[in-house]
Amino acid sequence: MRIAVTGIGLVTALGAGAEANWGALSTGRSGIRHITRFDTTGMRATIAACVDFPEDEGRAFTTAARVERLGEMVIGEALAQAGLEGPFGGPLAIGMPPVEVEWPQRLSFGVNTYPELMAAAPTAMPLYEEFLFGGASTRLAERFGTTGVPQVVTTACASGGSAIQLAVEAIRRGEARKAIAAGSDASLQPETLIRFGLLQALSTRNDPPESASRPFTLTRDGFVMGDGAGALILEEEAHALERGATILGYVLGAGEAADTFHRTRSTPDGSAIVRCMQRALDDAGLTPADIGYINAHGTSTPENDKMEAQAIRMLFGEAPPPVSSTKSMIGHTLSAAGAIEAAICLLALRHQVLPPTINQDDVDTALGLDTVPVSRPHRFTAALSNSFGFGGQNVSVVLGAGPVT
Amino acid sequence: MKRPVAITGVGLASSQGEGRSAHAALLKGAAPVLDEVRFAPYPVHPLAPLPFDTTIPRREMRQMETWQRLGVYAAGLALDDAGLRDRVAEVDLIVAAGGGERDTALDEQILAVRPDEAGRHRMLMDGLRPTLFLAQLSNLLAGSISIVHNVAGSSRTLLGEEIAGAEAIRVQAARIAAGTSELGLVGGAFAGERFDQLLLYAFGGALQAGPWQPLPGRPGMVFGSAAAFLTLEPATTAASPLAVLSHIATDQGPAAGRPDRLAALFAGLPERSPGCLTISTACGAPGPTRDELAALGTTPDLFTADLVGHAVEAAFPMGLALGALAIAAGAPQVLVTGTGQWRGEAVALLEKPA
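Residues numbered from 1 in each chain as written. Chains lettered and ligands numbered in written order. Predicted model: local features only at pLDDT ≥ 70, side-chain atom pairs only at ≥ 80, totals over all residues. Heavy atoms only, no water.

### Section: the overall build of chain A
Of the regular secondary structure elements, chain A holds 13 helices and 15 strands. In terms of C-alpha radius of gyration, chain A reaches 20 Å, essentially the compact-globule figure of 22 Å for 405 residues. Based on the C-alpha atoms only, the size of chain A along its principal axes is roughly 60 × 50 × 40 Å. Buried positions account for 67% of the 405 residues belonging to chain A. Look at the contacts in chain A between residues 6 or more apart in sequence, and 78% of them connect residues 24 or more apart. Taking the average location of the 30 positive side-chain charges in chain A and that of its 43 negative ones, the two points are 2 Å from each other. (Helix = DSSP H or I, 4+ residues; strand = E, 2+ residues; numbered from the N terminus. Rg over C-alpha atoms; globule rule 2.2 N^0.38 Å. Buried < 20%, exposed > 50% of the residue type's maximum accessible area, 1.4 Å probe, protein only. Contact = heavy atoms within 4.5 Å. Lys, Arg positive; Asp, Glu negative; His and termini not counted. Charge placed at Lys NZ, Arg CZ, Asp CG, Glu CD.)

### Brief notes about the interface of chain B and chain A
With 75 residues of chain B at the contact, the number on the chain A side is 74 residues. Regarding the contact of chain B and chain A, the summed buried area is about 6,700 Å², with carbon and sulfur atoms giving 64% of it. For arginine 263 of chain A, the salt bridge is made with glutamate 60 of chain B, and the minimal N-O distance between the two is 2.5 Å. For the pair chain B and chain A, the interface holds 27 residue pairs in polar contact (both at pLDDT 80 or more). Within the residue set of the side of chain B that touches chain A, elements represented by two or more residues are helix H4 (104-113), helix H5 (117-127), helix H6 (132-136), helix H7 (140-149), strand E5 (155-159), helix H8 (161-178), helix H9 (195-203) and strand E9 (243-251) of chain B. Here the side of chain B that touches chain A is built from residues that sort into 35 nonpolar, 24 polar and 16 charged. Bridge count between strand E6 (residues 151-153) of chain A and E5 of chain B: two bridges; the pairing is antiparallel. When the bridges of E5 of chain B are listed, valine 153 of chain A appears paired with leucine 158 of chain B. (Buried area = accessible area lost by both parts, 1.4 Å probe. Salt bridge = Lys/Arg side-chain N within 4 Å of Asp/Glu carboxyl O. Polar contact = N/O pair within 3.5 Å; in protein donor to acceptor, adjacent residues only side chain to side chain. Nonpolar A, V, L, I, M, F, W, Y, C, P; charged D, E, K, R; others polar. Pairing = 2+ DSSP bridges.)

### Notes on the layout of surface pockets
The space that makes up the largest pocket amounts to roughly 590 Å³. Residue composition of the lining of the largest pocket, grouped by class: 13 nonpolar, six polar and six charged. (1 Å grid on protein atoms, 1.4 Å probe; cavity = no way out; pocket = protein on both sides within 12 Å on 5 of 7 lines; lining within 4 Å. Points joined across faces, edges and corners; volume = space filled by probe spheres on them.)

### Considering the state of the cysteines
Residues and elements named next belong to chain A. Taken as a whole and judged by the stated rule, the model has zero disulfides over all chains. Cysteine 157 takes part in no disulfide bond, and the closest cysteine sulfur, belonging to cysteine 276, lies 14 Å away. Taking relative accessible area as the criterion, cysteine 157 reaches 9% and is therefore assigned buried. Accessibility expressed as a relative area gives 0% for cysteine 276, which makes it buried. (Disulfide = S-S within 2.5 Å.)

### Description of empty space enclosed by the protein
Counting across every chain of the model gives five cavities of 30 Å³ or more. When its volume is computed, the largest cavity comes out at roughly 600 Å³. Along the wall of the largest cavity there are 40 residues; nearest its centre are Pro98, Val99, Glu100 and Phe133 of chain A together with Gln136 of chain B. Elements supplying a minimum of two residues to the lining of the largest cavity: helix H8 (190-198) of chain A together with H6 and H9 of chain B. Of the residues forming the lining of the largest cavity, the biggest block, five residues, is contributed by H9 of chain B.

### A word on the environment of arginine 205 of chain A
Residue and element names in this part refer to chain A. With respect to the helices and strands, arginine 205 occurs in the loop between H8 and strand E8 (228-236). Distance from arginine 205 to glycine 222, taken between C-alpha atoms, is 8.9 Å for residues 17 residues apart in sequence. For arginine 205, the residues in contact, after removing those within four places along its chain, are Ile47, Ser211, Ala212, Arg214, Thr219 and Asp221.

### Details of the UniProt feature "domain: Ketosynthase family 3 (KS3)" (unreviewed entry) in chain A
Those places that UniProt annotates as "domain: Ketosynthase family 3 (KS3)" (unreviewed entry) correspond, in this numbering, to residues 1-401 of chain A. Between the first and last C-alpha atoms of residues 1-401 of chain A the distance is 16 Å; the span itself is 33% helix and 19% strand. (UniProt positions renumbered as here; feature names shortened; annotations may be inferred.)

### Looking at the pairing of strand E6 (residues 184-190) of chain B
All names here are of chain B. Of all seven residues making up E6, seven are buried, and the element is well covered by its neighbours. In E6, alternate side chains face the same way, and those of Gly184, Val186, Gly188 and Phe190 on one face and Leu185, Gly187 and Ala189 on the other are all buried. Of the strand pairs in this sheet, strand E4 (residues 92-96) and E6 are connected by five bridges, and their pairing is parallel. Across the sheet, residue leucine 93 finds its bridge partner in E6, namely leucine 185. Pairing between E6 and strand E8 (residues 226-234): seven bridges, direction antiparallel. Within E8, the position partnered with valine 186 by the bridge is leucine 230.

### Let's talk about the pattern of salt bridges
Residue and element names in this part refer to chain B. This structure, assessed with the given rule, holds 50 salt bridges over all chains. We note a salt bridge from arginine 170 to glutamate 167, for which the minimum N-O separation is 2.9 Å. Of the two residues, arginine 170 and glutamate 167 are both situated in helix H8; the distance of three residues between them amounts to about one turn of the helix. Look at glutamate 167 and you get buried, because its relative accessible area is 2%.

### Points about the UniProt feature "domain: Beta-ketoacyl synthase-like N-terminal" (unreviewed entry) in chain B
The UniProt record marks residues 3-237 of chain B with the feature "domain: Beta-ketoacyl synthase-like N-terminal" (unreviewed entry), using the residue numbering of this structure. Structurally, residues 3-237 of chain B is divided into 38% helix and 18% strand, and its ends, taken at the C-alpha atoms, are 10 Å apart.

### Section: the nonpolar core
The nonpolar side chains of soluble globular proteins are, as a tendency, buried together. Grouped together as the largest cluster of nonpolar side chains are 187 residues, with contacts concentrated most on Ile75 and Leu234 of chain A together with Leu320 of chain B. In contact with isoleucine 75 of chain A, other than residues within four places in its own chain, are Leu92, Leu140, Phe144, Ile180, Ala182 and Ala231 of chain A. One finds Leu50, Met61, Leu77 and Ala227 of chain B within the second-largest nonpolar core, a separate group that totals 34 residues. (Core = buried A, V, L, I, M, F, W, Y, C linked by side-chain atoms within 4.5 Å.)

### A closer look at the side chain of glutamate 169 of chain A
Structurally, glutamate 169 of chain A can be placed in helix H7 (residues 159-172). By relative accessible area, glutamate 169 of chain A is classed as buried at 15%. What glutamate 169 of chain A contacts, discounting residues up to four positions off in sequence, is Arg156 and Arg175 of chain B.

### Focus on the packing of helix H3 (residues 66-82) of chain B against H7 of chain B
How two helices pack is summed up by the angle between their axes together with the distance between the axes. Residues and elements named next belong to chain B. Two numbers describe how H3 lies on H7: the axes approach to 9 Å, and their chain directions differ by 50°. With respect to H7, the element H3 is oriented oblique. H7 is crossed by H3, and the crossing has right-handed handedness. Where H3 approaches H7, its residues Trp67, Gln68, Gly71, Val72, Ala75, Gly76 and Leu79 are matched on the opposing element by Leu140, Leu141, Ser144, Ile145, Val148 and His149. Along the lines of polarity and charge, the residues of the contact of H3 with H7 split into eight nonpolar, five polar and no charged. (Axes fitted to C-alpha atoms, helices over the stretch in contact; angles between N-to-C directions. Parallel < 35°, antiparallel > 145°, perpendicular 65-115°, else oblique. Left-handed = near helix turned anticlockwise from the far one by under 90°.)

### Digging into the packing of helix H2 (residues 63-82) of chain A against helix H6 (residues 135-144) of chain A
Residues and elements named next belong to chain A. One way to put it is that H2 packs onto H6 with a least axis distance of 9 Å and a crossing angle of 30°. By the angle between their axes, H2 is roughly parallel relative to H6. H2 and H6 meet at a crossing whose hand is right-handed. Only Ala136, Arg139, Leu140, Arg143 and Phe144 of H6 make contact with H2, whose side of the interface consists of Ala64, Glu68, Gly71, Glu72, Ile75, Gly76 and Leu79. Residues of the contact of H2 with H6, tallied by class, amount to six nonpolar, two polar and four charged.

### Quick notes on the packing of aromatic side chains
In the structure shown here, the tally under the stated rule is twelve aromatic pairs over all chains. Judged by centre distance (5.7 Å) and plane angle (15°), the rings of phenylalanine 109 of chain A and phenylalanine 203 of chain B are stacked. With phenylalanine 109 of chain A in the loop between helix H3 (103-107) and helix H4 (114-120) and phenylalanine 203 of chain B in helix H9, the pair connects residues from two separate chains. Among the residues examined, phenylalanine 109 of chain A registers a relative accessible area of 22% and is labelled partly exposed. When its relative accessible area of 1% is taken as the criterion, phenylalanine 203 of chain B is described as buried. These aromatic residues form a ring-pair network of at least three members: Phe196, Phe223 and Phe390 of chain A together with Phe133 of chain B. The ring centre of tyrosine 250 of chain A lies 3.9 Å from the NZ or CZ of arginine 2 of chain A, which sits over that ring. The ring of tryptophan 342 of chain B is capped by arginine 343 of chain B, whose NZ or CZ atom sits 4.3 Å from the centre of that ring. (Phe/Tyr/Trp six-rings, centres within 6.5 Å; stacked < 30°, edge-to-face > 60°. Lys NZ or Arg CZ within 6 Å of the ring centre and 35° of its normal.)

Here is the structure:
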């Protein structure tokens, strides 16, 4: 059974809408800028790929609320493209970050201790509903009329890929003929930026912001956080054909492999990443030679890019297909990255154009990759999208071109 | 392909101790272990002292707080119970998770000083332990299980309070039934003795304040620190199945439709035999608990929340694990039910292995 994609939704720092994003990505624009939604005085990283909203003026627009808003935007866009109105009638699988009460809310009670906060708390039903882990997904599920329990998956930076995998599996098992697979992230709030900074995971090349995310270069020094969301409408191919929907492409397969080595580093021999990509190819029934493009996890951290390049060469040989990291333009959208980057692969397949890795002025040639410094036309029928999370959770998704129209 | 699925091992830890025998004893009913002082006005069922350091290396312990240690420990108990240590490389893992501990002492310092925005950020930058983030990330319980126990198949973490625990088991059982997985480890952990955690749920107004009372008469939730992991295998190839998971179904929707959805879930159950034991994982929040008991029609034989406290993501796995122990002790059939404090409903049926 092939899984067709009939709708795509995207929001990133480059804008709202799949085609708007494609236009910016394929011309190598960066969405990374100085953070304005909170005070970054004294912070080492002061840049991000921000998706700001009018509510940011009030400074209390939380990760939870922004995740929900971004999710609503992309699912709405994808459903409209798929020509599906009203209650969707299939499951929702969505990658989302863990959320928690933030400082403006914690301070709003005007008390100094947790016991005092708890004494004040039973009056705060809106905060409870906002910060429940099942809160945002439930409101999205009810807004779009999805069926069953929304599968809110977190595998850190692989969450969007895991969501696609959960949705594909539900369709293959016959639980549904169509599903929404999405990822939405807006972890960019002060405490999370500080936490990633303390792990020394972030780029501190704050000026100019657009040159900070530079995957596969000698001077890469960390990732840049990004807000964003992506959604795919997935259907059993026969279901899409029966209702006369336009097939935009296919999810041909997915694979995952847990790494047992370390919380933030890959097994030094790259075997877990190789196993992950191999499983995705096996699931798709393809060989490495069938893959015409790899959208890398490519975070721009020294460690990730080295390990990923090594693993790609182990599996694909010394002349692997072109590899780009669109995180160079949209930052690392964390839980949304897998969904956003799968969507970018589908757009690249439709346009037969490779999106670039920008900022390639000092390429780390030891990595042995064609990193696509400038966007270019390319004939290909299948692409691989990699997503690797803290905690050793690796997911790869194989995307295929739609029928020639 | 639809293969029957068996529960082949359980890993349990709670206020009542750890392991099979301590929890099998609860099937006859047991007095709760309570701490009604530390988090007053909210009583909690405190975690029994557990020898985490016997299975978790010291350098790994330092990367975790109680929530992850508890879950990693219980996952290890399940692998041991099922005798699956030599097959960890192929284990598919699904964890139902909340989040890890905040540094509440630092929070209270900031609350007391009330600096401006930049000053607050400075206190966080200076005060937060860098690796605490890894103890907080929801998927790092699964990550820590993989690192400590070498579990190297797939790894997924579902969020969403109580229903995430049931959905995790439903998904893993469906994968085994469909032939896309041969071996699963699934469950969750909940650390109830946490001010940051209690605060979020206190916002919802459904925590019971004041002296403990049993369900169903109690007006709210009483948390318990607990973890429950299950190993799932195809029933036909399982070496020593505890129970067959013959049915599991979940649903979710607006609260107003909950009675109808519960009725539909009950209508979808296979026929229940005489002597079927009923274990409810009802949370204690008034509306959901009332709807669950109305759908059941009879008072359940056991409330997991009375035995070990309400364990949110781990509540439904705990109910199924106790049910599997009941089958192993001779019960002909066990029905397990659960309703989320805010959203989600689940039912499961356990049978004797063939």
